[in-house]
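Each chain is listed here by its residues.
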Amino acid sequence: MNNAPIGIFDSGIGGITIFKSVQELLPKENILYYSDNLNSPYGNKSKKEIQDLSLKNSNWLLDKGCKIIVVACNTATTNCISLLRKSFKQPFIGVEPAIKPAAINTKTGNIGVLATKGTLNSNLFSITSNDFCSKINIIEKNGDGLVEMIENGILNGIEIEMLLVKFLSPMIKSNIDHLVLGCTHYPLIIESIKKILPDSVKVLESGGAVAKQTKKIIMDNNIIGNNTNPTYNFYCNGIDNSLKKILPNNFKINTI
Ligand code: DGL
């Protein structure tokens, strides 16, 4: 048993979609969430910048005593999860676009992937897409601008819908039947996304899979927590308005 917190980080509020799944599946764990809003978005940064920021965030969480780190960011995972695993002795869980279930279940043979430039250009993403999608057509779109809007608290309305129409129209024209949300920020705008897509398109995200994997690694390493009153602490190094907007009032947000 180990009652130390699970550490979760993202470039901002996107990782809250992962936090919710982890909290639900592991209700006796303390959780510490770090939002690197000051350096958001990660999507257009170089691999080196993403690596340096991810190392910094991990060090911060580990200094606070976290027993395991969940990298709740596709961009950070696809650019540096192996570096993080090599750099620290604690286990690391990452999040990647859910291409595999989309590739297995597609009937039209066309799937859409909406993700950041950093994720779409990464080696890990091309390895995964080659492994699972050699016989199907992937329509990839860089959701440039979406993370900035979401970090500014814009989760619906005409501005974000217009941007989404630009990204999703070519996918709809290509007859996709699955849309993979390859950025943890995007489930926060799922209502706007669903308004634009035909009902027949299934939208996939990775929160549930990440939570299951976190539970498995915690069990395998014998570090399960048993906190009767678990604590959830949120830290933000920039503007925390959007974090306040999506979290219940009783959760404590610390500005650092
Ligand atoms: N939530 C991050 C991801 O999953 C957002 C990346 C960004 O900051 O651009 O990729």
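Thresholds applied
Residues numbered from 1 in each chain as written. Predicted model: local features only at pLDDT ≥ 70, side-chain atom pairs only at ≥ 80, totals over all residues. Heavy atoms only, no water. Helix = DSSP H or I, 4+ residues; strand = E, 2+ residues; numbered from the N terminus. Rg over C-alpha atoms; globule rule 2.2 N^0.38 Å. Areas by Shrake-Rupley, 256 points an atom, 1.4 Å probe, with all protein chains shown as cover. Pairing = 2+ DSSP bridges. Axes fitted to C-alpha atoms, helices over the stretch in contact; angles between N-to-C directions. Contact = heavy atoms within 4.5 Å. Core = buried A, V, L, I, M, F, W, Y, C linked by side-chain atoms within 4.5 Å. Buried < 20%, exposed > 50% of the residue type's maximum accessible area, 1.4 Å probe, protein only. Parallel < 35°, antiparallel > 145°, perpendicular 65-115°, else oblique. Left-handed = near helix turned anticlockwise from the far one by under 90°. Nonpolar A, V, L, I, M, F, W, Y, C, P; charged D, E, K, R; others polar. Near = heavy atom within 4 Å. Polar contact = N/O pair within 3.5 Å; in protein donor to acceptor, adjacent residues only side chain to side chain. Right-handed = clockwise from strand over helix to strand, strands pointing away. Salt bridge = Lys/Arg side-chain N within 4 Å of Asp/Glu carboxyl O.

Of the regular secondary structure elements, the protein chain holds eleven helices and ten strands. Taken against the 2.2 N^0.38 rule, which gives 18 Å for 256 residues, the C-alpha radius of gyration of the protein chain at 18 Å falls within 12% of a compact globule. Judged by the C-alpha coordinates and their principal axes, the protein chain covers about 50 × 35 × 35 Å. Total accessible area computed for the protein chain in this model is approximately 11,500 Å², and 50% of it derives from carbon and sulfur atoms.

On the basis of which strands lie adjacent, the open sheet formed by four strands has the order 6-5-7-8 and parallel pairing. Two strands lie at the open edges of the sheet, namely strand 6 (137-142) and strand 8 (202-204), each paired on one side alone. For this sheet, the mean angle separating the axes of adjacent strands, direction not counted, is 20°. In the packing of helix 8 (residues 158-173) onto the sheet, contacts are made with strand 5 (110-115), strand 6 and strand 7 (178-182), and the angle to strand 5 comes to roughly 160°.

A separate point is the nonpolar core. Core analysis: the biggest nonpolar cluster contains 53 residues, and Ile6, Leu114, Leu146, Leu179, Tyr186, Ile193 and Phe234 have the highest contact counts within it. For this core, the element with the most residues is helix 8, which contributes six residues. With near-sequence residues (within four places) excluded, Tyr186 lies in contact with Leu114, Ala115, Thr116, Gly143, Leu146, Val147, Ile150, Leu181 and Ile193. In this structure, Tyr42, Val71, Cys73 and Phe88 belong to the second largest nonpolar core, which totals 19 residues.

This part covers the packing of helix 2 (residues 47-63) against helix 3 (residues 74-87). In a pair of packed helices, the angle between the axes and the distance between the axes together describe the arrangement. Their axes nearest at 9 Å, the elements helix 2 and helix 3 cross at an angle of 55°. Classified by the interaxial angle, the pair formed by helix 2 and helix 3 is oblique. Relative to helix 3, the crossing made by helix 2 is right-handed. Here Lys47, Ile50, Gln51, Ser54, Leu55 and Ser58 of helix 2 lie close against helix 3, whose contacting residues are Thr75, Ala76, Asn79, Cys80, Leu83, Leu84 and Ser87. Here the contact of helix 2 with helix 3 is built from residues that sort into six nonpolar, six polar and one charged.

Residues in close proximity to the ligand total 13 residues, the closest being Ser11, Tyr42, Gly43, Thr75 and Thr184. Asp10 is positioned such that a nitrogen or oxygen atom in its side chain is 2.9 Å from a nitrogen atom of the ligand. Thr75 places a polar side-chain atom, nitrogen or oxygen, 2.6 Å from an oxygen atom of the ligand. Burial of the ligand by the surrounding chains reaches 99%, relative to a free accessible area of 300 Å². Looking at side-chain class alone, the shell around the ligand contains five nonpolar, seven polar and one charged residues.

Time to look at the pairing of strand 9 (residues 232-236). Most of strand 9 is tucked away: four of the five residues are buried. Judged from the five bridges that link them, strand 2 (residues 31-35) and strand 9 form a sheet pairing that is parallel. Paired with Tyr34 across the two strands is Tyr235, which belongs to strand 9. For strand 9 and strand 10 (residues 252-255), the ladder comprises four bridges, and the chain directions are parallel. Opposite Phe234, over in strand 10, you have Ile253 as the bridge partner. In the classification by handedness, the crossover that spans strand 9, the intervening helix 11 (residues 241-246) and the parallel strand 10 is right-handed.

This part covers the pattern of salt bridges. In this structure the tally under the stated criterion is six salt bridges. The closest approach of N and O atoms between Glu161 and Lys195, which form a salt bridge, is 2.9 Å. Note that Glu161 is positioned in helix 8 and Lys195 in helix 9 (residues 190-196), a separation of 34 residues in sequence. For the salt bridge of Asp240 with Lys244, the shortest nitrogen-to-oxygen distance reads 3.2 Å.

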